[in-house]
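Observations on the model geometry
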Amino acid sequence: MDMFEYMREQKMEQESPLAKRMRPTTLDEVVGQEHIIGKDKLLYRAIKADKLSSIILYGPPGTGKTSLAMVIANTTSAEFMQINATTSGKKEMGAIVEQAKNTMGMYQKKTILFVDEIHRFNKAQQDYLLPFVEDGTVILIGATTENPYFEVNGALISRSNVFQLRPLSKENVEELIRRAVYDETKGMGSYQADITDEAVSFLADMAEGDARSALNAIELGILTTDRSEDGRIHITLSVAEECIQRRSLKYDKDGDNHYDTISAFIKSMRGSDPDAAVYYLAKMLYSGESVTFIARRIMICASEDVGNADPQAIQVAAACAQAVERVGMPESQIILAHAAIYVACAPKSNSIVNAISAAMETVKNKQTGAVPPHLRDAHYGGSKTLGHVGYQYAHDYPNHYVKQQYLPDELVGTRFYEPGVLGYEQKIIDYFQMIGRDEDTIDESAE
């Protein structure tokens, strides 16, 4: 490295964002994640003993995946190399592998390769790493915001320990905020700033466990706030509110939070909790989720979890789906709330799901037999010759019902649909009892 390159790197380090400068360099500086780097935990012991094997760090943005990798870099005696999967490919990996082989051969030193956003590598790129991870040429540290069991090569997963990082607690974020304001080495202590307890609490709350979001707000506040008469910069609640005007929600429309939130939304409607349903709806809308996607999920829930207990639920849901396409936001939030609350408050039944599931299994796995002759089409010439006769027209009988065989011979007596006892399905049960549908005998007068 020449003098100019050194000076450029020094200047970049000095002017880098606060969140980067505040990254810990030792395990003792790490805040949060006690469940994986507490002093009695495997990862803590492995880092301290410099006996790390390949690992995958998985968690939302701002939880410290890169910070933990940097701690490992500062702790290990191994060669540490870093690439980002969004900007690197097989060529860069090939150069690192060759250097790792030379380092091992010449100095008997292992190489740790940190791949940030490893889920961005395609399957072929991940496959390229596999033999070198397996034979120990490199020790892999992969960082990802996506579920590694879906996004990372299964063979790499099987050769790595997966550690899930959780969003930082409010207390964790508050500690980092105070450290950033008053630390003169890594933080902004040289600016002679103060921050009120109310501002710390507000910023930590709005950050939703994302340390980077809180530190970015602190940096903005200190750099843009004028000094008071006492010569200090005062970060008050009003200043903090200006610096972070929108809550930092963990919601990636293609990631885990998307699936976790929609899952909670559906389960809340199924569980008859309109308050939870409308909360998760608001979270999705606030994060920019597609209104048509939400409407589709409400329609599915209306049939899957309400069904005939309230046949109007699917009508409300379908009308909602049509309306949101015509109206758009922000008014669509009212229509979606209308449908979600209706479905949540409706009596529940999954008898329709059970019926179609059982019928599909029967069709798939059993000999289902032929359509009974009297149910076959009798409108074309020769149908009587073929025996397509004997059908009894239900409307010719009392209560518009006559007992006759509808299922194939092999399935006579099979029950796929068993109505529940809530809502309208109780009326279906009453109707079946009135017409004697469940009596064992079949009227054979047509035979």
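Further up the page is the structure itself.
Residues numbered from 1 in each chain as written. Predicted model: local features only at pLDDT ≥ 70, side-chain atom pairs only at ≥ 80, totals over all residues. Heavy atoms only, no water.

**Let's talk about the overall build of the protein chain**
Note the cut-off: Only DSSP runs of H or I reaching four residues or more are called helices, and only runs of E reaching two or more are called strands; each is numbered from the N terminus. For every residue, the accessible area (1.4 Å probe, protein chains only) is compared with the maximum for its type, and the residue is labelled buried under 20%, exposed over 50%, or partly exposed between those bounds. What makes two residues a contact is simply this: any of their non-hydrogen atoms within 4.5 Å. Under the convention used here, a 1.4 Å probe and the Shrake-Rupley method define accessible areas, while residue burial counts only the protein chains that appear.
A tally of regular secondary structure across the protein chain gives 20 helices and seven strands. Residue burial in the protein chain is summarised as follows: out of 447 residues, 43% are buried. Long-range pairs, those at least 24 residues apart, make up 72% of the contacts in the protein chain between residues at least 6 apart in sequence. For the protein chain, the computed accessible surface area is about 24,700 Å², with 51% contributed by carbon and sulfur atoms.

**Some points on unusual backbone geometry**
Geometrically, the link from M329 to P330 is a cis peptide bond, its omega value of 10° lying close to zero. Within the element layout of this structure, P330 appears in the loop between helix 17 (312-327) and helix 18 (332-345). Here Q33, not a glycine, exhibits a phi torsion of approximately 60°, which is positive. Take Q33: it is sitting in the loop between helix 2 (18-21) and helix 3 (34-37). A positive phi angle is found at D50, which is not glycine, with a value near 55°. As for its position among the elements, D50 is in the loop between helix 4 (42-48) and strand 1 (55-58). Under the relative-accessibility criterion, D50 is labelled partly exposed at 28%.

**Observations concerning the sheet that holds strand 4 (residues 139-144)**
Note the following rule: We call two strands paired when DSSP finds no fewer than two bridges between them. Helix axes are fitted to C-alpha atoms over the stretch in contact, other axes to C-alpha atoms as well, and angles between N-to-C directions run from 0 to 180 degrees.
Strands sit in the order 2-3-4-1-5 across an open sheet of five strands; the sheet is parallel. A strand with exactly one partner marks an edge of an open sheet, and here the two such strands are strand 2 (79-84) and strand 5 (161-164). Here the average twist between neighbouring strands, direction ignored, is 15°. In this sheet, strand 4 lies alongside strand 3 (residues 111-116) in parallel orientation, the contact comprising five bridges. Bridge assignment links I112 to a residue of strand 4, and that residue is I139. The strands that helix 5 (residues 65-75) touches are strand 1, strand 2, strand 3 and strand 4; relative to strand 3, the one it contacts most, it runs at about 165°.

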